[in-house]
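Tertiary structure, described
Here is how the chains run, residue by residue.
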There are 2 protein chains.
Amino acid sequence: MMVSSNPAGKRCVNPPSERTVERLSRYRYLLHELKVEGVGYVFSHALAEMAAVSAAQVRQDMMAVGYSGTPVQGYEVEKLLAALEEFLEVPEGKDVALVGVGNLGLTILKSLVEYPTPLRLSVAFDVDWRLVNRQVQGCWCYPVEQLVAVVRERQIPIGIVAVPPKAAQEVADLLCEGGVSGILNCAPLRLRVPEHVYVSNLNIMVALEKVSYFAHRNRARMECPARERMKA
Amino acid sequence: MMVSSNPAGKRCVNPPSERTVERLSRYRYLLHELKVEGVGYVFSHALAEMAAVSAAQVRQDMMAVGYSGTPVQGYEVEKLLAALEEFLEVPEGKDVALVGVGNLGLTILKSLVEYPTPLRLSVAFDVDWRLVNRQVQGCWCYPVEQLVAVVRERQIPIGIVAVPPKAAQEVADLLCEGGVSGILNCAPLRLRVPEHVYVSNLNIMVALEKVSYFAHRNRARMECPARERMKA
DNA sequence: ATGGTCTTGTTACGAAATTAACAGCGTTTG
DNA sequence: CAAACGCTGTTAATTTCGTAACAAGACCAT
Ligand SMILES: NC(=O)c1ccc[n+]([C@@H]2O[C@H](COP(=O)([O-])OP(=O)(O)OC[C@H]3O[C@@H](n4cnc5c(N)ncnc54)[C@H](O)[C@@H]3O)[C@@H](O)[C@H]2O)c1
Ligand SMILES: NC(=O)c1ccc[n+]([C@@H]2O[C@H](COP(=O)([O-])OP(=O)(O)OC[C@H]3O[C@@H](n4cnc5c(N)ncnc54)[C@H](O)[C@@H]3O)[C@@H](O)[C@H]2O)c1
């Protein structure tokens, strides 16, 4: 028994899926909120309610983390939060580089400073001379020509691509050359990167069109006996 | 044979999953790009490459749409695009209401006007008196007090919640009272809505933390024989 | 103390989604 | 004209995912 709780090599057993990690990230945020509110313990079904998942899902996810709660009192908020933070920990470092300080870039920059995450947006890059060589929201903005050097020097492991689509691939190449191992891509195209670099794509429009589709569909569900969904 | 191609009641057969609709939305964008570039035909594996999915996945998705390509030439870009647009069509209307014209709201507003989608951001709402009763990016911004009336009057089916977390539930209640059937929620909490209202949550931080986790994990994959991924 | 009532941890099952395989059919080429 | 090739449409298989069910354990009331 007691899987996935070996102190050192935890990440070789039971590799969690992307979905699982997404949920763990949400749990972490919710637990942070609970801690701020002074809540000491939380049940799996309460956490499930907050995260819009099932209680069984929460418990199974906790199994992946390796944290055990006490049967009747539930999970101790602080302990579980600490366990999650350790599980999501990045040995490589918590620094993030933002490329493209436009509308979206600035939004991300601003929201990262107030979001409770170990990740820290350390540096930003842009081509616009009006934006570079100055502090933006407590984050220094370099000209993009210095990207490779700075990212390599500071060993920044993660980059955010928030530039227009035409410049996205070029910027991604620079980030990879600088040695990042993960990229959050906000441009609506597929980035071509070396195999060891992980890429996640973010597209608000896709999310919006999904809402559009299912909004209509859900309303018409009384005339068409689709399977039940939205269980709350 | 020939499933899911009944002209009128298409959406009662083979209900597509959320994942499927997300992919269809991406295909639609990619096909739009191809059309602009003057490309006439596209193969399933080419589209798959662009969308970062498998060719079999593309073909199966096309089956859900009900569009058939020609065996050797592939899919006709314009025809397939039209089929996708018809499939994703919303009989209720294409109007979207944005609530909260702050950093994120403005970003969405600006990017929606240049993104090729049938959805149109018709109206915006905010509490800030400096933002309301004027045009923002070609979109009129009302005070939030008029939300229910305007949304109901214009029968707007979709709302975007881009306000601070503390105001999110309140705003969602107003949207539901106005009669929307779908909400894109950008606040990091679960909205409580009537059962017939579809909600999709968007959280950039979760995406970023996912990148953080798997970035580290992928780089260490040569010492730990995880299953192969990122197949390109 | 002890029985009852809650929880969690874990296993097993069912559903869903992705991948693989193959038959059908234009197109093209010799 | 025939035959081989290449891509699609569809079905089948596999793998992944989520849920349900249940044994074990802590607390509480009596
Ligand atoms: N994922 C989404 O849902 C979503 C939403 C909005 C925007 N976007 C995308 O995000 C990207 C940025 O959008 P935006 O609205 O912030 O655009 P923007 O024009 O406001 O900002 C782009 C910034 O990138 C900078 N830039 C341009 N070329 C550069 C280069 N080669 N190197 C470094 N910096 C460079 C520009 O100077 C500008 O500051 C676009 O690709 C857009 O499609 C995505
Ligand atoms: N999903 C993400 O990844 C992501 C990223 C950034 C921000 N956010 C979230 O989006 C929301 C907005 O972020 P932001 O950076 O744009 O904040 P912001 O403060 O810049 O903008 C909020 C806007 O909402 C308006 N507002 C406040 N209360 C309102 C009310 N009751 N009715 C109508 N309007 C109201 C404010 O006047 C302001 O214009 C926040 O909940 C934030 O957490 C999410």
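Residues numbered from 1 in each chain as written. Chains lettered and ligands numbered in written order. Predicted model: local features only at pLDDT ≥ 70, side-chain atom pairs only at ≥ 80, totals over all residues. Heavy atoms only, no water.

1. A look at the side chain of T117 of chain A
Along the chain, T117 of chain A falls in the loop between α5 (103–114) and β4 (120–126). T117 of chain A sits in the buried class, given a relative accessible area of 16%. A distance of 3.2 Å separates a polar side-chain atom of T117 of chain A from the backbone nitrogen of L119 of chain A. In this structure T117 of chain A touches R28 and L112 of chain A together with E209 of chain B, once residues within four positions along its chain are discounted. (Helix = DSSP H or I, 4+ residues; strand = E, 2+ residues; numbered from the N terminus. Buried < 20%, exposed > 50% of the residue type's maximum accessible area, 1.4 Å probe, protein only. Polar contact = N/O pair within 3.5 Å; in protein donor to acceptor, adjacent residues only side chain to side chain. Contact = heavy atoms within 4.5 Å.)

2. Considering the site of ligand 2
Surveying the vicinity of ligand 2 reveals 25 residues, the closest of which are L104, D126, V163, L202 and I204 of chain B. Near ligand 2, the surrounding residues are drawn from chains A and B. Within the side chain of D126 of chain B, one N or O atom sits 2.5 Å away from an oxygen atom of ligand 2. The contact in question runs from a nitrogen atom of ligand 2 to an N or O atom on the backbone of L202 of chain B, over 2.8 Å. For ligand 2, whose free accessible area comes to 840 Å², the fraction covered by protein is 83%. (Near = heavy atom within 4 Å. Areas by Shrake-Rupley, 256 points an atom, 1.4 Å probe, with all protein chains shown as cover.)

3. Considerations on the relation of the copies chain B and chain A
Mapping chain B onto chain A is achieved by rotating through 180 degrees and translating by 0.0 Å along the same axis, at an RMSD of 0.1 Å. Both copies of the chain, as the preceding transformation shows, are related through a two-fold rotation axis. A shared binding surface is used by both copies, with 99% of the interface residues of chain B retained as interface residues in chain A. (Least-squares fit on C-alpha atoms with pLDDT ≥ 70 in both.)

4. So, the pairing of strand β6 (residues 139–143) of chain B
All names here are of chain B. For β6, the tally of buried residues reaches 4 of 5 residues, placing the bulk of the element in the interior. Inspection of the sheet shows strand β4 (residues 120–126) paired to β6 by 4 bridges, in the parallel sense. Its bridge partner being in β6, D126 is matched across the sheet by P143. One ladder, built from 3 bridges, connects strand β5 (residues 134–136) with β6; its direction is antiparallel. Considered in β6, the bridge of Q135 is made with W140. In textbook terms, the turn of a hairpin is the stretch between consecutive antiparallel strands, and for β5 and β6 this stretch comprises 2 residues, one of which, Q137, has a positive phi near 55 degrees. (Pairing = 2+ DSSP bridges.)

5. Comments concerning the domain arrangement of chain A
Residues and elements named next belong to chain A. Here chain A is described as being made up of domain 1 (18–88), domain 2 (95–201) and domain 3 (205–232). Placing the centre of domain 1 and that of domain 2 at their C-alpha centroids yields a distance of 30 Å. Both faces considered, domain 1 and domain 2 share a buried interface measuring about 420 Å² in area, 54% of it formed by carbon and sulfur atoms. Interface area lost by domain 1 to domain 2 is led by E18, R28 and Y29, which between them contribute 77%. On inspection of domain 1 and its partner domain 2, the count reaches 0 salt bridges. (Domains from an automatic or database assignment. Buried area = accessible area lost by both parts, 1.4 Å probe. Salt bridge = Lys/Arg side-chain N within 4 Å of Asp/Glu carboxyl O.)

6. Concerning the site of ligand 1
Neighbouring residues of ligand 1: 25 residues in total, closest L104, D126, V163, L202 and I204 of chain A. Chains contributing residues near ligand 1 are chains A and B. At 3.0 Å from an oxygen atom of ligand 1 is found a side-chain nitrogen or oxygen belonging to N103 of chain A. Between C186 of chain A and ligand 1, the recorded distance is 3.2 Å, taken from a backbone N or O atom to a nitrogen atom. Taken by itself ligand 1 offers 840 Å² of open surface, and the protein chains cover 83% of this. Counting only elements with at least two residues in the shell around ligand 1, the list comes to α5 and α7 (165–178) of chain A together with α5 (103–114) of chain B. It is α7 of chain A that provides the largest number of residues to the shell around ligand 1, a total of 3 residues.

7. Some remarks on the sheet that holds strand β3 (residues 95–99) of chain B
Strand pairing in a sheet takes place through backbone hydrogen bonds and is either antiparallel or parallel in direction. All names here are of chain B. Across the sheet, which stays open at both edges, the 7 strands sit in the order β5-β6-β4-β3-β7-β8-β9 with mixed pairing between neighbours. The open sheet is flanked by β5 and β9 (198–201), the only strands paired with a single partner. This sheet shows a mean twist of 25 degrees between the axes of neighbouring strands, independent of strand direction. As paired elements, strand β8 (residues 182–185) and β9 share 4 bridges and run parallel to each other. (Axes fitted to C-alpha atoms, helices over the stretch in contact; angles between N-to-C directions.)

8. Section: the packing of aromatic side chains
Within a pair of aromatic rings, the relevant descriptors are the distance that separates the centres and the angle that separates the planes. This structure, assessed with the given rule, holds 12 aromatic pairs over all chains. Within the aromatic cluster, the residues linked to one another by ring pairs are F87 and Y198 of chain A together with Y213 and F214 of chain B. (Phe/Tyr/Trp six-rings, centres within 6.5 Å; stacked < 30°, edge-to-face > 60°.)

9. Some thoughts on the pattern of salt bridges
In this structure the tally under the stated criterion is 20 salt bridges over all chains. For E49 of chain B, the salt bridge identified is with R192 of chain A, shortest N-O distance 3.5 Å. Taken as a pair, E49 of chain B in helix α2 (residues 44–51) and R192 of chain A in the loop between β8 (182–185) and β9 (198–201) lie in two separate chains rather than in one. Overall, E49 of chain B belongs to the partly exposed group, its relative accessible area being 40%. Residues R23 of chain B and D61 of chain B are paired through a salt bridge, measuring 2.7 Å at the closest nitrogen-oxygen approach. Of this pair, R23 of chain B sits in helix α1 (residues 18–37) while D61 of chain B sits in helix α3 (residues 55–65), placing them 38 residues apart in sequence. For D61 of chain B, a relative accessible area of 3% gives the class buried. Look at the salt bridges and you will find they share partners, linking E18 and E22 of chain A together with K210 of chain B into a network.

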